[in-house]
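# Examining the three-dimensional arrangement
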Amino acid sequence: MADNVLGPLSVSSRIVNDVVVITPSGDIDLSGSPLLRQELKKGQGKKIVVDLAGVPYMDSSGLATLVEAMQASRRGSGQLVLCNLSERVRSIFAIAKLETVFKLAATLDDAMAK
Amino acid sequence: MSTQTDVRLQLPSNPLFLSGAREMVYQFASRSGFSDEACGQLALAVDEALCNVMRHGYGKAPDRPIWISLAFVGGVATPETQHQNPTEALRIVIEDEARQVEPSTIKSRDLDEIRPGGLGVHIITEVMDEVRWEKRPNSDVGMRLTMVKKRTPAAAAS
């Protein structure tokens, strides 16, 4: 498991059955999104699951980071699935009209099975 | 309309201060009687506005000043309330010393185009009731963003 800490956000990642599971903890804003971007890039070309259970807040810089990763995965042979979105985090996806663009799962198990 | 500036805060253009600014706005809005959802939207709008100043206004320089003013104002009439008690609202003003741009050039992008970035203005206009960008008066530097969210029954704490 790799752990990175910068400012209020920490991000850990692990590989489970050839799937890269990324687990951010804290708010994903302009100060934290570079750290998430860094971890997402490491998983390029593989299936990535981002478990957002520990993320109470996300702004448009977080959305932009995830859009970037999704587009990179579509260009390659990868896949990006997001799971465990809180109501507040889901609302920003809705405001940005991105709810149907991402693969969303209710739980980590569901995301692994997608 | 009676107006009283309740809080004025200066912070540097460093993204590490965003979480503190969000918390301050959330708490102020909560104490002004807004619902949890509306408080979250107000904090989000301020976050997006500050990010725009940090990235576009100051070109990511982390040590430039940004000012946030919060005021709970009364007497904002709406078509729904003009014959009743005037709606109260939270007014947030964000000012900077960045280069001035024509306010008409600040606009949301087409959301059908899926790409990273460019969502901040859309989010701000979506969650606030009134949004106005202008050049700071009597100055040749700096922009001023004024945002208003009305405490309508839908946005008020129950």
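A brief report on the enclosed structure follows. None of the values given here were measured: they were computed from a predicted structure.

Reading the values: the criteria
- Residues numbered from 1 in each chain as written.
- Chains lettered and ligands numbered in written order.
- Predicted model: local features only at pLDDT ≥ 70, side-chain atom pairs only at ≥ 80, totals over all residues.
- Heavy atoms only, no water.
- Helix = DSSP H or I, 4+ residues; strand = E, 2+ residues; numbered from the N terminus.
- Buried < 20%, exposed > 50% of the residue type's maximum accessible area, 1.4 Å probe, protein only.
- Phe/Tyr/Trp six-rings, centres within 6.5 Å; stacked < 30°, edge-to-face > 60°.
- Contact = heavy atoms within 4.5 Å.
- Buried area = accessible area lost by both parts, 1.4 Å probe.
- Salt bridge = Lys/Arg side-chain N within 4 Å of Asp/Glu carboxyl O.
- Polar contact = N/O pair within 3.5 Å; in protein donor to acceptor, adjacent residues only side chain to side chain.
- Nonpolar A, V, L, I, M, F, W, Y, C, P; charged D, E, K, R; others polar.
- Disulfide = S-S within 2.5 Å.
- Pairing = 2+ DSSP bridges.
- Arc of directions from axis to C-beta.

### A few points about unusual backbone geometry
Residue and element names in this part refer to chain A.
- One non-glycine residue with positive phi stands out, namely Asn17, at about 50 degrees.
- Secondary-structure assignment places Asn17 in the loop between strand S2 (9-16) and strand S3 (19-25).
- Classification of Asn17 as exposed rests on a relative accessible area of 71%.
- Unusually for a residue other than glycine, Asp18 sits at a positive phi of about 70 degrees.
- The topology assignment puts Asp18 in the loop between S2 and S3.

### Overview of the packing of aromatic side chains
Residue and element names in this part refer to chain A.
- In the structure shown here, the tally under the stated rule is one aromatic pair over all chains.
- Ring geometry for Phe93 against Phe102: centres 5.5 Å apart, planes inclined by 80 degrees, an arrangement best described as edge-to-face.
- Residue classification places Phe93 among the buried positions, given a relative accessible area of 0%.

### Focus: the interface of chain B and chain A
- With 26 residues of chain B at the interface, the matching set in chain A holds 24 residues.
- Together, the buried faces of chain B and chain A total about 1,900 Å²; carbon and sulfur atoms form 67% of this surface.
- Sorting the residues of chain B by area buried against chain A places Arg22, Ile114 and Pro116 of chain B first, and these three jointly supply 27% of that buried surface.
- Counting the contacts that link chain B with chain A gives three salt bridges.
- Here chain B and chain A share seven residue pairs in polar contact (both at pLDDT 80 or more) between them.
- Elements supplying a minimum of two residues to the side of chain B that touches chain A: helix H1 (18-31), helix H2 (36-57) and helix H3 (120-127) of chain B.
- Among the elements that line the side of chain B that touches chain A, the one with the most residues is H2 of chain B, at nine residues.
- Across the side of chain B that touches chain A, the residue classes tally to 14 nonpolar, five polar and seven charged.

### Let's talk about the state of the cysteines
All names here are of chain B.
- In the structure shown here, the tally under the stated rule is zero disulfides over all chains.
- Sulfur of Cys39: no disulfide; nearest cysteine sulfur belongs to Cys51 and is 19 Å away.
- Owing to a relative accessible area of 1%, Cys39 belongs among the buried residues under this scheme.

### Let's talk about the pattern of salt bridges
- Under the counting rule described, the total for this entry stands at 16 salt bridges over all chains.
- A network of salt bridges, in which partner residues are shared, links Arg8, Glu95, Arg132, Glu134, Arg136 and Arg144 of chain B.

### Quick look at the pairing of strand S5 (residues 143-150) of chain B
All names here are of chain B.
- Across the eight residues of S5, seven count as buried, placing the element largely inside the fold.
- The pairing of strand S3 (residues 87-96) with S5 spans seven bridges and is classified as antiparallel. Note on S5: the bridge partner recorded for Glu95 is Arg144.
- Direction of pairing for strand S4 (residues 130-135) relative to S5: antiparallel, over a ladder of six bridges.

### A look at the environment of Met54 of chain B
- Residue placement: Met54 of chain B occurs in helix H2.
- Taking relative accessible area as the criterion, Met54 of chain B reaches 1% and is therefore assigned buried.
- When residues no more than four places from it in sequence are discounted, the contact partners of Met54 of chain B are Leu30 of chain A together with Pro12, Ser13, Asn14, Pro15, Leu18, Gly59, Lys60, Ala61 and Ile66 of chain B.

### Examining helix H3 (residues 87-95) of chain A
- Residues of H3 of chain A that are buried: Val89, Ile92, Phe93 and Ile95 of chain A. Viewed along the axis of H3 of chain A, the buried residues span an arc of 165 degrees, placing them on a single side of the element.
- Against the buried residues of H3 of chain A lie helix H2 (60-75) and strand S5 (79-83) of chain A together with H2 and H3 of chain B.
- Residue Lys97 of chain A follows H3 of chain A closely and has a positive phi angle near 55 degrees.

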